[in-house]
Amino acid sequence: MSNEQSTTSNGKILLVGFGPGAEVHMSVRALQAIEEADVVIGYSTYIKLVKNLLEGKEIIRKGMTEEIDRCIEAYEQAVLGKTVALISSGDIGVYGMAGPTYEVLLKSGWKPDSGIEVEVIPGSTALSACASLVGAPLTHDFCSISLSDLLTPWPTIARRIEAAGRSDFVVALYNPKSGRRTQQIVETQRILLQYRKADTPVAIVKSAYRDLQDIQMVRLDEMKDCKIGMLTTVLVGNSSTYIEEGLMITPRGYANKYQNITGTTIEGEKRGRSLSMGLTGWKSCVREYLRSSNEYSLRDTARHFGCPTGEIISAISEANGNDSAGEYSAAIVQPEAISVIEAAKQWGLLRVVVRNNAGAVSKFMINAEDFTLRREWLNIENEHFYLHVKWPSVQQVWFIRRGDILCGVYFIDEQNETVFYLSLLRQDGAFNAPALKAFEQAWQTLTTMNELEKASNE
Ligand SMILES: C[S@@+](CC[C@H](N)C(=O)[O-])C[C@H]1O[C@@H](n2cnc3c(N)ncnc32)[C@H](O)[C@@H]1O
């Protein structure tokens, strides 16, 4: 295709998503668009699916791997002044031809006002169609991931599956398996099982609303051994999805607010208001949790609420007399208020704790003299070890106190995760008295500065 082709004709490209396959699920506009077209271009299976609508039209069939050819053909026909319908199953903008068509057009010098009109006509996606056949699995947050690694690197796909698993999304898996790509679904099951229970409901829907429609309802640990092909979409439930009477249901959340879903509001909740665990209320729930027992560590609490430790510390820092955080208190360090590295020189022997995500924990004893800040590195070095911390990754520093158990400082990154923390040593169940006094003095200086700052901002 030449870049010099004129785009001044009045041709038109209609990008039509015709839904899952049955004509009754096509939108009125999709039917009109095919009716309007002089030329219909599509993958041969799609042409077959809408054959009843094609009488008298020029038909250009292309194979599955000829996607870019379909776009070029559509453009070339439009340049000749024809109205072209490029058809695709589901929604043409969802893993469909809308993207490649615009890419090809823009590369060819086409502009929205250059004479060839382009219209994208939405359709019901495979995931909506498949969901409708098995109950209501998508009534809460979900995402779709294509397992095709023909154009997307596998590590990218794997990271998306992990993120979806970790974030408790219902997941719709497109392009789950083909004759050549048989292991992607096996890997997907392995990754999701790290975050989901083995009996998580899974719906495997083949050829929704087409002649060979087939539905299997299975558990996540059975998924990889099921009959899955190119025309299948797999829906994996989240942690609250259940099967009842053969229906796969993901609750919308009403049970969080109303007794038995339809009854009166649960104590502490209000109709039409955010949940008590909503954006403004959830930190108060953290403090209530910490008040309810003296047993919970910061890590236990972070795990319980499914959030990073930095957010728990921030919730603690907002405690007050009526809404305490049990034994915990916290104060943020404004870098201009005190230098922790300087202050720590009065705190004697300190314990430093570093954890990595793979489960290793390092604990070691240092003196504040072991700290040096050199360009962007905070180095903690003595004759036994080196710890180098990329200092710009530390975004917040917090003083933390937990009764007589913990006096420490947490260094938190941008994601609110702990980079490392240090704490005063306890011997025979008590902190060293001068060290404790110096720590409390530093805390006092800090809270005074924080209060002054707060007052000046008000
Ligand atoms: C290239 S994508 C097309 C997606 C489509 N544009 C959409 O909006 O859903 C092809 C994949 O869609 C899914 N798919 C398309 N039609 C389907 C149907 N009728 N039943 C089940 N899955 C379908 C399968 O996962 C298939 O591998």
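The shown structure was predicted, so the numbers you read here are calculated from the model rather than taken from an experiment.

**Focus: the overall build of the protein**
Thinking step 1. Along the protein, the regular secondary structure elements total 12 helices and 24 strands.
Thinking step 2. In summary, the protein has a C-alpha radius of gyration of 30 Å against a globular reference of 23 Å for 458 residues, an excess of more than 25%.
Thinking step 3. Its C-alpha atoms give the protein principal-axis dimensions of roughly 95 × 60 × 50 Å.

**As for helix 12 (residues 433–457)**
Thinking step 1. Between the first and last C-alpha of helix 12 there are 36 Å, a value that for 25 residues agrees with the 36 Å anticipated at 1.5 Å per step.
Thinking step 2. Among the residues making up helix 12, those that are buried are Phe439, Ala442 and Leu446.

**Considerations on the nonpolar core**
Thinking step 1. Membership of the largest hydrophobic core comes to 40 residues, with the highest contact counts inside it found for Ile313, Ile316, Ala330, Trp398, Phe399, Val409 and Tyr410.
Thinking step 2. In terms of residues, this core owes the most to one element, strand 21 (residues 406–412), which gives 5 residues.
Thinking step 3. Once residues within four sequence positions are removed from consideration, alanine 330 is found in contact with Ile313, Ile316, Ser317, Trp398, Phe399 and Ile400.
Thinking step 4. Counting residues in hydrophobic clusters, the runner-up holds 35 residues, among them Leu14, Val40, Tyr46 and Ala85.

**A few points about the site of the ligand**
Thinking step 1. Around the ligand, a shell composed of 24 residues is seen, among which Gly90, Val94, Thr125, Ala126 and Ala208 lie nearest.
Thinking step 2. Those elements that provide at least two residues to the shell around the ligand are helix 5 (126–134), strand 9 (201–206) and strand 11 (232–236).
Thinking step 3. Considering each element in turn, the shell around the ligand owes the most residues, 3 residues, to helix 5.
Thinking step 4. Its residues assigned to classes, the shell around the ligand comprises 11 nonpolar, 10 polar and 3 charged.

**Digging into the packing of helix 8 (residues 282–292) against helix 9 (residues 298–305)**
Thinking step 1. Between helix 8 and helix 9, the least distance of the axes is 11 Å, while the angle of their chain directions is 130 degrees. With respect to each other, helix 8 and helix 9 are oriented oblique. You can see that helix 8 and helix 9 cross each other, and the crossing is right-handed. Contacts between helix 8 and helix 9 involve Val286, Tyr289 and Leu290 on the former and, on the latter, Thr301, His304 and Phe305.
Thinking step 2. Class assignment for the residues of the contact of helix 8 with helix 9 results in 4 nonpolar, 2 polar and no charged.

**Remarks on the packing of helix 6 (residues 154–166) against helix 7 (residues 184–192)**
Thinking step 1. Packing of helix 6 against helix 7 brings their axes to within 9 Å, and their N-to-C directions diverge by 35 degrees. Along this stretch, helix 6 crosses helix 7, giving a crossing that reads as right-handed. Note on element contacts: helix 7 touches helix 6 through Glu187, Thr188, Ile191 and Leu192, opposite Ala158, Ile161, Glu162 and Gly165.
Thinking step 2. Considered class by class, the residues forming the contact of helix 6 with helix 7 number 4 nonpolar, 2 polar and 2 charged.

**Notes on unusual backbone geometry**
Thinking step 1. Here aspartate 168, not a glycine, exhibits a phi torsion of approximately 60 degrees, which is positive.
Thinking step 2. Despite not being glycine, glutamate 245 shows a phi value in the positive range, around 50 degrees.
Thinking step 3. Structurally, glutamate 245 can be placed in the loop between strand 12 (242–244) and strand 13 (247–249).
Thinking step 4. Glutamate 245 sits in the exposed class, given 6 other C-beta atoms within 10 Å.

**As for the sheet that holds strand 19 (residues 386–390)**
Thinking step 1. Reading across from one edge, 17-18-19 is the order of the 3 strands in this open sheet, with antiparallel pairing throughout. The sheet is open, and its two borders are formed by strand 17 (371–374) and strand 19, each paired with just one other strand. Neighbour to neighbour, the strand axes of the sheet diverge by 20 degrees on average, direction disregarded.
Thinking step 2. Relative to strand 19, strand 18 (residues 377–381) is paired through 5 bridges, and the arrangement is antiparallel. For glutamate 381, the partnering residue across the bridge sits in strand 19 and is tyrosine 386.

**Remarks on helix 3 (residues 67–79)**
Thinking step 1. The terminal C-alpha atoms of helix 3 lie 19 Å apart, and with 13 residues this matches the ideal 18 Å at 1.5 Å per residue to within 8%.
Thinking step 2. Arg70, Cys71, Ala74, Tyr75, Gln77, Ala78 and Val79 are the residues of helix 3 that are buried.
Thinking step 3. In the core, the buried residues of helix 3 are packed alongside strand 1 (12–17), strand 2 (39–43), strand 3 (58–62), strand 4 (83–88) and helix 4 (98–107).
Thinking step 4. Phi turns positive, to about 95 degrees, at glycine 81, one or two residues after helix 3.

**Re the sheet that holds strand 12**
By way of backbone hydrogen bonds, the strands of a sheet pair with one another, either parallel or antiparallel.
Thinking step 1. Ordered in space as 6-13-12, the 3 strands form an open sheet in which the pairing is mixed. Sheet topology places strand 6 (135–136) and strand 12 at the edges, where each strand pairs with a single neighbour.
Thinking step 2. Here 2 bridges tie strand 6 to strand 13, and the two strands are oriented parallel to one another. Its bridge partner lying in strand 13, glycine 135 is registered against methionine 248.

The rules behind these values
Residues numbered from 1 in each chain as written. Predicted model: local features only at pLDDT ≥ 70, side-chain atom pairs only at ≥ 80, totals over all residues. Helix = DSSP H or I, 4+ residues; strand = E, 2+ residues; numbered from the N terminus. Rg over C-alpha atoms; globule rule 2.2 N^0.38 Å. Expected span 1.5 Å × (residues − 1). Buried ≥ 20, exposed ≤ 12 C-beta atoms within 10 Å, placed from the backbone. Core = buried A, V, L, I, M, F, W, Y, C linked by C-beta atoms within 7 Å. Contact = placed C-beta atoms within 7 Å. Near = placed C-beta within 6 Å. Nonpolar A, V, L, I, M, F, W, Y, C, P; charged D, E, K, R; others polar. Axes fitted to C-alpha atoms, helices over the stretch in contact; angles between N-to-C directions. Parallel < 35°, antiparallel > 145°, perpendicular 65-115°, else oblique. Left-handed = near helix turned anticlockwise from the far one by under 90°. Pairing = 2+ DSSP bridges.

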